[in-house]
There are 2 protein chains.
Amino acid sequence: MLRTHNCGELRITDVNKEVILCGWIRRIRDMGSIIWIDLRDRYGITQLTIFKDKASEDLLNIVNSLAREYVIKAKGKVIERESKNPKLATGDIEIQVEEILILNKSEIPPFLIENETNGSEELRLKYRFLDLRRPIMQNYLLMRHRLARYIREYLDNAGFVEIETPMLIRSTPEGARDFLVPSRLHPGKFYALPQSPQLFKQILMIAGFDKYYQLVRCFRDEDLRADRQPEFTQLDCEMSFVEQEDILNTFEGLFKYLFKKELNIDFTNFNILKYTEAIEKYGSDKPDLRYSLEIVNITNIVKGKGFNIFDDADVILGICVPQGNVLTRKHIDELTQFVRRPQIGCGGLAYIRVNSDGSYKSSFDKYYTQEDLNKIAINCNAQKNDIILILSGPKKKTYFAMGELRKHVAEQLNLINKNIFCPVWVIDFPMFEWDEETRRYYAKHHPFTSPKQEDIELLESNPEKVRANAYDLVINGIEIGGGSIRIHDIKLQKLVFKCLGFTEKEINEKFGFLLKAFEYGVPPHGGIAFGFDRICSLFAGVESIRDVIAFPKNQNARDLMIDAPSQVDSDQLNELNIAIKQNF
Amino acid sequence: MLRTHNCGELRITDVNKEVILCGWIRRIRDMGSIIWIDLRDRYGITQLTIFKDKASEDLLNIVNSLAREYVIKAKGKVIERESKNPKLATGDIEIQVEEILILNKSEIPPFLIENETNGSEELRLKYRFLDLRRPIMQNYLLMRHRLARYIREYLDNAGFVEIETPMLIRSTPEGARDFLVPSRLHPGKFYALPQSPQLFKQILMIAGFDKYYQLVRCFRDEDLRADRQPEFTQLDCEMSFVEQEDILNTFEGLFKYLFKKELNIDFTNFNILKYTEAIEKYGSDKPDLRYSLEIVNITNIVKGKGFNIFDDADVILGICVPQGNVLTRKHIDELTQFVRRPQIGCGGLAYIRVNSDGSYKSSFDKYYTQEDLNKIAINCNAQKNDIILILSGPKKKTYFAMGELRKHVAEQLNLINKNIFCPVWVIDFPMFEWDEETRRYYAKHHPFTSPKQEDIELLESNPEKVRANAYDLVINGIEIGGGSIRIHDIKLQKLVFKCLGFTEKEINEKFGFLLKAFEYGVPPHGGIAFGFDRICSLFAGVESIRDVIAFPKNQNARDLMIDAPSQVDSDQLNELNIAIKQNF
């Protein structure tokens with residue numbers, strides 16, 4: 001080793017030791033008779049001190065040539081600091097430097113290598129090797145490493161086996177697009193990169209592995225939305241001979257373990273919400289329970305007063321915003337604009353203010369008496385100085401809009417406690433989702449999800465009524481993971497494929513090998529998969545998963561540091577028997 | 001859970017417990033008054049017993065309908081066996097069955113689901129879900145899981161961080177071919193799948209992560225030789241501020257840990273051989289040290305007796321085979337054929353037999369006296385009843401041939417102790433390798449490997465003399481891993497690129513981002529990478545890595561179970577802006 005210690009470990013008990021440290025220069029301060037250098041590595045920062053009256057001319061010459069981010073090796077004696085720095089683990093000591101060797105020089109970095117940096121994200125991604133020197137970024141990746149370790153600890157102890165599944169698989173497009181990989185040895189044929197190891201983990205259950213997990217890279221060729229990456233890491237799990245309850249218990253246990261080990265937070269049992277409850281209370285199957293603002297269905301008590309907008313609506317929904325009467329006309333206008341945006345699509349926003357004297361002022365006073373308003377207020381549990389926000393319209397759309405409004409208001413009014421975690425299981429998802437555009441049903445979870453036993457008879461007659469043995473884990477409004485109890489009966493599996501509109505030929509092409517396996521003794525099984533990047537960003541308290549991925553792509557699916565994707569040699573394409581189409 | 005216990009855990013102390021087991025039927029034996037069913041899961045086998053006189057008609061009807069590989073749930077009482085089976089962990093007990101529920105039926109499997117199976121490898125790969133039910137295959141994958149766990153335990157404790165590097169990267173073909181992935185969002189451009197995370201791990205050192213590792217999937221689009229896979233798993237490691245000795249110590253420690261934890265074998269220090277020694281003693285840079293058969297250079301004592309073949313040769317090499325005089329004329333002919341094969345390319349094989357009376361009989365008696373032969377025998381340390389095998393010719397080729405002959409003789413004569421492990425570090429590899437076909441030098445390790453300080457001056461004048469700070473770990477003749485101390489000086493890196501014949505343009509295209517990073521303070525660093533599949537097959541004692549990979553490709557890079565690669569929809573290709581060339 002070129003060093004005796006790292007930059008984070010020396011303490012007052014090490015005083016008088018002769019040490020050698022290596023690291024990067026964070027900053028140099030020339031105080032006249034003394035020069036201080038902060039030396040940084042992954043483990044911390046140690047202060048190097050050069051007393052000019054004691055230093056050799058050689059040493060001073062070298063010190064004068066140093067600059068930020070130079071890599072040096074410094075030899076010296078540990079001494080006690082005159083003025084200690086309690087913020088630094090090594091803050092009680094400094095190194096009285098005797099010798100410095102420059103291991104490598106550095107250009108001036110294009111942005112500050114500090115937790116608070118002045119670099120744009122584009123610049124930081126391009127110079128990721130410098131961005132990752134920032135202690136805060138190193139901490140994110142160290143936390144990611146710990147979380148992976150804790151996950152494995154917990155699952156290993158619970159008897160799970162980590163098994164690696166292949167990356168070069170068969171294209172079965174359903175849902176997102178596959179990334180394809182041309183085969184050179186089999187001209188005209190392609191591998192696909194896995195969107196998830198779904199089929200392989202089911203195969204592993206059929207093979208009898210009983211409890212499987214894998215921290216595994218997955219790929220989706222999507223038009224990138226907000227915070228998606230074309231490649232992402234999934235914690236993928238499957239168990240045999242289990243029921244839904246067993247999966248929930250096992251993975252609730254995992255998250256309790258993670259919260260305890262990483263953040264020292266204890267949890268009692270997680271909440272469980274049925275899908276319909278989640279929609280009716282929070283307007284979302286990913287409810288954020290860090291704040292209340294529950295939706296109240298006031299349709300029945302509001303209708304029939306001659307106000308057309310309400311009378312013509314399928315549903316009328318309210319949320320009571322505590323102390324919301326502080327909202328000005330301007331705020332209300334902003335909220336109205338918000339619900340009128342095309343993504344949300346409401347006609348407008350109604351409200352009832354509860355004044356400090358207990359009287360009401362609504363946006364529809366013309367049709368409603370104070371007594372009518374009082375009845376609504378009681379239903380919504382509104383107190384003095386609160387405001388009730390009201391949306392009306394078609395059922396599905398209005399619940400969705402109310403869910404969005406709920407989130408927006410919570411953000412605007414700062415109702416979200418950023419320091420807590422509110423996990424909730426959402427269960428009993430519908431089996432299918434109707435797509436208006438393609439005029440067919442899609443699997444809400446995926447085509448291998450089992451319907452609830454008591455709903456099987458509705459599969460052909462009334463598919464939208466069928467509930468699935470499917471569940472999501474939602475924390476702070478983010479879907480952290482989801483899974484289901486799978487179908488293990490070949491006839492039922494074929495029926496579900498049929499409900500999804502697959503022809504016999506498509507079924508065999510896409511899932512033939514799974515159905516083959518289904519003929520040889522499939523155990524009842526179920527599983528779940530979690531977004532590991534998302535878990536990391538949640539625990540790190542950062543908005544973007546890009547901050548917890550060492551080398552992420554940008555929003556345009558490009559790696560700015562290595563400049564990928566890129567053009568390749570025509571020889572390479574020839575060998576693969578493919579050509580680029582020139583008509584784009 | 002559908003069960004109270006698994007099939008591997010019940011013991012004599014559980015007698016009288018009411019239990020429910022789930023699993024697959026391994027076999028059914030109807031003994032007249034009793035029916036025995038072996039029920040199998042990942043954890044073991046438990047015997048189910050049906051006493052016909054005590055069983056209900058329903059139960060007997062169900063039992064009569066059962067067959068091999070049916071999945072059942074059985075309820076009953078644990079009782080002590082009359083005749084115990086000491087080979088089985090559960091062999092003291094059996095279950096007196098009260099109820100059986102068929103969870104799933106099974107077709108008759110196409111081969112025996114036993115450790116000794118009758119299925120061909122093709123068939124087993126196609127029905128991998130059945131193949132993996134064989135306990136021996138489950139054990140291989142369970143061992144693989146444990147080895148991964150031990151590796152992480154050791155490296156985590158040593159302060160290494162596991163960091164995930166991207167799979168969709170930039171194509172930098174050098175060495176093997178890249179697999180390419182067309183980009184839909186960037187028409188005409190491609191990602192490549194990584195052959196290794198080499199550049200990323202160096203970037204991580206530049207970013208200051210100090211100690212990195214990753215168990216990571218890598219990809220090489222090669223014409224498949226013997227036991228290669230297009231995707232394979234690598235243990236990839238890198239450290240900063242280290243010298244070669246530190247890497248060797250750290251990873252020797254890792255392997256001692258693995259041998260101890262998994263196989264309970266203790267090791268003292270591993271042997272170290274210089275590359276030149278390895279070639280001169282064993283004719284290979286991957287020497288198998290489980291047997292001796294060391295090569296002796298007898299050029300000087302053999303030449304000059306008028307035998308043209310020897311007199312014209314650059315080198316004359318011998319190996320003494322202990323008790324080798326048992327080799328018949330037919331054996332010798334077979335060995336002669338072996339060394340004459342085009343891959344080896346020798347003209348012939350000479351030999352000296354040491355008879356039981358101490359006299360000699362050689363294949364070149366005409367030119368050599370008994371005294372001459374005695375001199376050779378002393379040099380080769382040959383005893384009575386030994387045989388000395390001799391090859392002669394150009395230096396490099398003859399050492400290689402002797403290495404191959406050495407292995408072949410060891411196998412033929414059963415000189416290999418299959419129960420021991422002989423790890424050895426091979427160090428001081430040459431920096432470059434001349435390729436006759438393309439008339440250029442290639443990096444023996446890779447272009448980022450540092451030359452030995454004292455050899456740098458030879459880089460331009462005498463490249464083949466330059467030794468690198470490169471090392472391999474070889475166990476039982478298999479290269480388990482290799483690495484190097486990297487170049488951390490940008491000028492030296494550019495010089496090495498130049499020696500490899502890269503133009504400035506090529507350097508920038510292929511390695512531009514690395515050279516950019518080199519401008520901002522690179523620490524001295526080095527690393528190593530191990531073939532994880534190879535480690536697993538070594539520990540499992542199997543010949544093929546396919547046995548320790550859950551879903552391997554066959555020798556033709558095809559996945560026989562899922563039938564990949566396959567044709568894809570033309571829509572998919574259109575979206576990717578590529579077309580298949582029709583001229584293949």
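Conventions adopted
Every residue gets a number counted from 1 within its own chain, in the order that chain's sequence is written. Whichever chain is written first is A, and whichever ligand is written first is 1; the rest continue in order. Whole-chain, interface and lining totals are the exception, using all residues; otherwise, since this is a predicted model, local features are given only for residues with pLDDT of at least 70 and side-chain atom pairs are given and counted only at 80 or more. Hydrogens and waters are ignored; side-chain quantities use all the structure's heavy atoms. Helix and strand assignments come from DSSP, with helices taken as H or I runs of at least 4 residues and strands as E runs of at least 2, each series counted from the N terminus. N or O atoms closer than or at 3.5 Å make up a polar contact, with two conditions inside protein: a donor-capable atom paired with an acceptor-capable one, and, for residues adjacent in sequence, both atoms drawn from side chains. Residue contacts are defined here by distance: any two heavy atoms, one from each residue, within 4.5 Å place the two residues in contact. Here the rule is simple: two strands pair whenever DSSP picks up at least two bridges between them. With axes taken as lines fitted to C-alpha atoms, and helix axes fitted only over the stretch in contact, angles between N-to-C directions fall between 0 and 180 degrees. We count a salt bridge whenever a side-chain nitrogen from Lys or Arg sits within 4 Å of a carboxyl oxygen from Asp or Glu. Residue polarity is assigned by list, with Asp, Glu, Lys and Arg as charged and Ala, Val, Leu, Ile, Met, Phe, Trp, Tyr, Cys and Pro as nonpolar; anything else, Gly included, falls into the polar class. Any residue under 20% of the maximum accessible area for its type is buried, any over 50% is exposed, and the rest in between are partly exposed; the area is computed with a 1.4 Å probe on protein chains only. For this analysis, a nonpolar core means a set of buried residues of the types Ala, Val, Leu, Ile, Met, Phe, Trp, Tyr and Cys, connected via side-chain atoms within 4.5 Å.

Draft legend 1. Structural detail: the side chain of Thr250(B). Residue and element names in this part refer to chain B. As for its position among the elements, Thr-250 is in helix H6 (residues 244–263). Within the local environment of Thr-250, its side chain forms a polar contact with the backbone oxygen of Asp-246, the two atoms lying 2.7 Å apart. Leaving out residues up to four positions away in the same chain, Thr-250 has contacts with Tyr-154, Phe-160 and Met-239.

Draft legend 2. Local environment of the sheet that holds strand E1 (residues 18–30) of chain A. All names here are of chain A. Taken in spatial order, the 5 strands line up as E1-E2-E3-E5-E4 and close into a barrel, and their pairing is mixed. Mean inter-strand twist for the sheet, computed between neighbouring axes without regard to direction, equals 55°. Sheet topology places strand E4 (residues 71–80) next to strand E5 (residues 93–104); 10 bridges connect them, and they run antiparallel. Opposite Ala-74, over in E5, you have Ile-100 as the bridge partner. Helix H1 (residues 57–65) rests against strand E2 (34–41), strand E3 (44–51) and E5 of the sheet, and its axis sits at about 70° to E5.

Draft legend 3. Representation of the interface of chain A and chain B in the model. With 124 residues of chain A at the contact, the number on the chain B side is 123 residues. Counting across the interface, chain A meets chain B through 18 salt bridges. Linking chain A to chain B there are 73 residue pairs in polar contact (both at pLDDT 80 or more). A breakdown of the residues in the side of chain A that touches chain B according to their chemical character gives 66 nonpolar, 24 polar and 34 charged. Two strands pair when backbone bridges link them, and strand E23 (residues 578–580) of chain A and strand E23 (residues 578–580) of chain B are joined in this way by 3 bridges, in the antiparallel orientation. For Ile578(A), the partnering residue across the bridge sits in E23(B) and is Ile580(B).

Draft legend 4. Fine view of the pairing of strand E13 (residues 315–321) of chain B. All names here are of chain B. Among the 7 residues of E13, 7 are classified as buried, and the element is accordingly described as predominantly covered. Relative to strand E16 (residues 387–393), E13 runs antiparallel, the two being bridged by 7 bridges. Bridging across to E16, Val-315 finds its partner in Gly-393.

Draft legend 5. View of the nonpolar core. Counting 258 residues, the largest nonpolar core has Phe251(A), Phe255(A), Phe251(B), Phe255(B), Leu389(B) and Leu405(B) as its most contacted members. With residues near it in sequence (within four places) discarded, Phe251(A) still touches Leu155(A), Phe160(A), Cys237(A), Met239(A), Trp425(A), Ile528(A) and Phe530(A). In terms of nonpolar packing, the next biggest core, distinct from the first, is built from 26 residues, Leu293(A), Tyr351(A), Ile387(A) and Leu389(A) among them.

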